[in-house]
Amino acid sequence: MYWNEEIECMSREDMTKLQNERLCAQVKHVYENVPYYRDLMDKKGVKPEDIQTIDDLHKLPFISKADLRDAYPYGLLAVPLKDCVRIHSTSGTTGKRVVAFYTQEDIDMWNDCTARAITAAGGTSDDVVQVCYGYGLFTGGAGLDGGSHKVGCLTLPMSSGNTERQIQFMQDLGSTILCCTPSYAAYIGETLHEMGLTPDDIKLKAGIFGAEPWTNEMRRQIEELLGIKAYDIYGLTETSGPGVAFECCEQSGMHINEDNFIPEIIDPDTGEVLPEGSKGELVFTSITKKAFPLLRYRTRDICVLTKGKCSCGRTLIKMAKPMGRSDDMMIIRGVNVFPSQIEAVLVSNGYAPNYQIVVDRVNNTDTFDVMLERPADALDYEIPKREKALSSALKTMLGITPKIHLVAPKSIARSEGKAVRVIDKRKLHD
Ligand code: DLL
C-alpha cells in the first residue's frame, strides 16, 4: 500500500530529474536568503550556477550542529518570520537548543512524509492511531499526528506517560496502530501483561517506532508482547522530524523520502563522499523545505544506503538502522544528551570535572546515573541534599532526571589517555 505511488515507486531516472530540478531551485533560494550559508559557499568559491545536478552536491559546504548553534536562533531562516507557522526544537551541544522553523507548506510536506510511513505500516482511514510520542517542542507527537490526520485515521493524541490509562484507551477505543519510542512500546507491552491482559484483548496490528536506536531483537520482543508488526521510522528535528525515512512490510531498512531529502554517505573524518554500500556518516540535503532548508546537513548518524527496487514495490533508496554516531551524543529515554552538557552543569555547581556517566537499559527503560566525586570538605549529612540539587539542575538542563551518586574523593579512575566519561551498557545495535 502506498500513500503516493507515483513518487514512492518512481523510476530512478525520473527521481534524479526531480531531485536535480529541486536541488537547483533550493540552492538558489538558500544563497539568496540565508547570508550565513551564502558566506560558507563564498568561502568555498561555489556559486548557485555551479550546482546543476545532484552530481554537483559534493561541491557544497557542509552544515553541522555547530553552525546551528552559531546561527541560533534566526540565522538559518530562509523566509520572513511572518511566513512561519511553527517551531520545533531539540537540545543542543551546549544547552542552546536547536530551533527549526516551518512554513505551512513545510508542515504539509512533513505530514505527507509521515502519511507515507503510516500507509506503509498498513494504515488507512479505517484505523485508530494512538500517538504516544511526546507532544510539544519534540517533533514525534506533532509529526505522526499530522500524518495520521492526512491519512484520515482517527487520531488519539495521547503523548507519553500514564501507561495503564494508555492501555485502557487502547481497549476502549480499539486503537489499531501505536506510535511511540521502541522502549515505551516495550514498556506498554509489559504493562499490558502485568494487567492480566494479552494481545487478544486489544486490536493493535502495527506500531511505528523510532527516535532512538533499537535492535531487531527488541523488535521481535515488542511484536510478541503486543501481537503486532513493528516498523522503524527515522528523522531528526533539523530536517523536519520523523518521516525522513520509514520502513515497509519487508522490515529491512527504511525508505528515504528522496523527493524531499537527498542522502549522502561521507567519511566522518575527511568529509569525502563514499561509494554506494559504504558505511559512513549520513548527510541530508532538504530540497523542498522553505523556512529552514539545510543543505548537506551532517546528521552524525553512521549508516549504510542501498539502492534498488524493494519487494514492496518502492524504489526509494533504503537506509539501514543507524549503527552509532560519529559524535558523543547519547539518546537516553528518547532525549538527546551530550556529556558536555552534563559537565557544564557539574562545573558551574562548583564540582571538579571528575565524573562518569553510566547508562543501562533495565526492563526496557533507560537508567541514567552520574557518578561524581564529593568535595573533600563536604559533610556526610549534606550529601543527599547535594545529590538532589545536582539532579534537579541537570533535569533543568536536559529535561530528564539522572540519579547522582557522590562518591569518595579520588575514587573515579583517572585515565592516562582519553577520559572514559560514558559507560553505555545498553545493547542498542545488532
Ligand atoms: O528523534 C525525530 C523522531 C521522532 C524520529 C519520532 C522518529 C520518531 P531528534 O530528537 O532531533 O528527532 O533526534 C534525532 O535521533 O539523529 C538519530 O540519532 C536518532 N534517531 C531518530 N530515529 C531513529 C531510529 C527525532 N529510527 C536523532 N533509529 C537522529 C535510530 C534514531 N536512531
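Model, not experiment: these values are computed from the prediction.

## Here we look at the overall build of the protein chain
Piece 1. Tallying secondary structure elements over the protein chain gives 11 helices and 19 strands in all.
Piece 2. Rg of the C-alpha trace for the protein chain: 22 Å, near the compact-globule value of 22 Å for 430 residues, within the 12% margin.
Piece 3. Along the first, second and third principal axes, the C-alpha atoms of the protein chain reach 70 × 60 × 40 Å.
Piece 4. In the protein chain, which comprises 430 residues, the proportion classed as buried is 55%.
Piece 5. Surface accessibility of the protein chain: about 18,300 Å² in total, with carbon and sulfur atoms responsible for 51%.

## Some thoughts on the packing of aromatic side chains
Piece 1. Per the counting criterion, the structure on display carries 7 aromatic pairs.
Piece 2. Centroid distance Tyr 234 to Phe 284: 6.3 Å. Interplanar angle 40 degrees. Geometry classified as tilted. With Tyr 234 in strand S7 (residues 229-236) and Phe 284 in strand S11 (residues 279-286), this residue pair connects regions lying 50 residues apart in the sequence. Here Tyr 234 and Phe 284 have matching classes, each one buried.
Piece 3. Aromatic side chains Phe 261 and Phe 284 sit 6.4 Å apart centroid to centroid with 75 degrees between the ring planes, which places their arrangement in the edge-to-face category. Linking Phe 261 in strand S10 (residues 261-266) with Phe 284 in strand S11, this pair joins segments that are 23 residues apart in sequence.

## Observations regarding the site of the ligand
Piece 1. For the ligand, the set of nearby residues contains 22 residues, the closest of which are Ala 211, Asp 232, Ile 233, Thr 237 and Asp 301.
Piece 2. Interatomic distance of 2.8 Å between a side-chain N/O atom of Asp 232 and a nitrogen atom of the ligand.
Piece 3. Contact distances for the ligand include 3.4 Å between an oxygen atom and a side-chain N or O atom of Asn 336.
Piece 4. Burial of the ligand by the protein amounts to 97% of the accessible area it has alone, namely 600 Å².
Piece 5. When residues of the shell around the ligand are traced back to their parent elements, those giving at least two are helix H6 (139-151) and S7.
Piece 6. In terms of residue count, the dominant contributor to the shell around the ligand is S7 (5 residues).

## Considerations on the environment of Lys 279
Piece 1. Along the chain, Lys 279 turns up in strand S11.
Piece 2. In this structure Lys 279 comes out as exposed when scored by relative accessible area, which is 55%.
Piece 3. Residues Lys 279 and Lys 425, spaced 146 residues apart in sequence, show a C-alpha to C-alpha distance of 23 Å.
Piece 4. Those residues in contact with Lys 279 that sit more than four places away from it in its chain are Ile 265, Leu 274, Ile 302, Cys 303, Val 304 and Met 323.

## Section: unusual backbone geometry
Excluding glycine, residues mostly have negative phi values, and the peptide bonds linking residues are mostly trans.
Piece 1. Residue Pro 73 is reached from Tyr 72 by a cis peptide bond, and omega for that bond is -5 degrees.
Piece 2. Even without being a glycine, Ala 211 presents a positive backbone phi close to 85 degrees.
Piece 3. Turning to its location among the elements, Ala 211 is positioned in the loop between strand S6 (206-210) and helix H9 (216-226).
Piece 4. Judged by relative accessible area, which is 33%, Ala 211 ranks as partly exposed.
Piece 5. Its identity is not glycine, yet Gln 251 carries a phi of approximately 50 degrees, on the positive side.

Definitions and cut-offs
- Residues numbered from 1 in each chain as written.
- Predicted model: local features only at pLDDT ≥ 70, side-chain atom pairs only at ≥ 80, totals over all residues.
- Heavy atoms only, no water.
- Helix = DSSP H or I, 4+ residues; strand = E, 2+ residues; numbered from the N terminus.
- Rg over C-alpha atoms; globule rule 2.2 N^0.38 Å.
- Buried < 20%, exposed > 50% of the residue type's maximum accessible area, 1.4 Å probe, protein only.
- Areas by Shrake-Rupley, 256 points an atom, 1.4 Å probe, with all protein chains shown as cover.
- Phe/Tyr/Trp six-rings, centres within 6.5 Å; stacked < 30°, edge-to-face > 60°.
- Near = heavy atom within 4 Å.
- Polar contact = N/O pair within 3.5 Å; in protein donor to acceptor, adjacent residues only side chain to side chain.
- Contact = heavy atoms within 4.5 Å.

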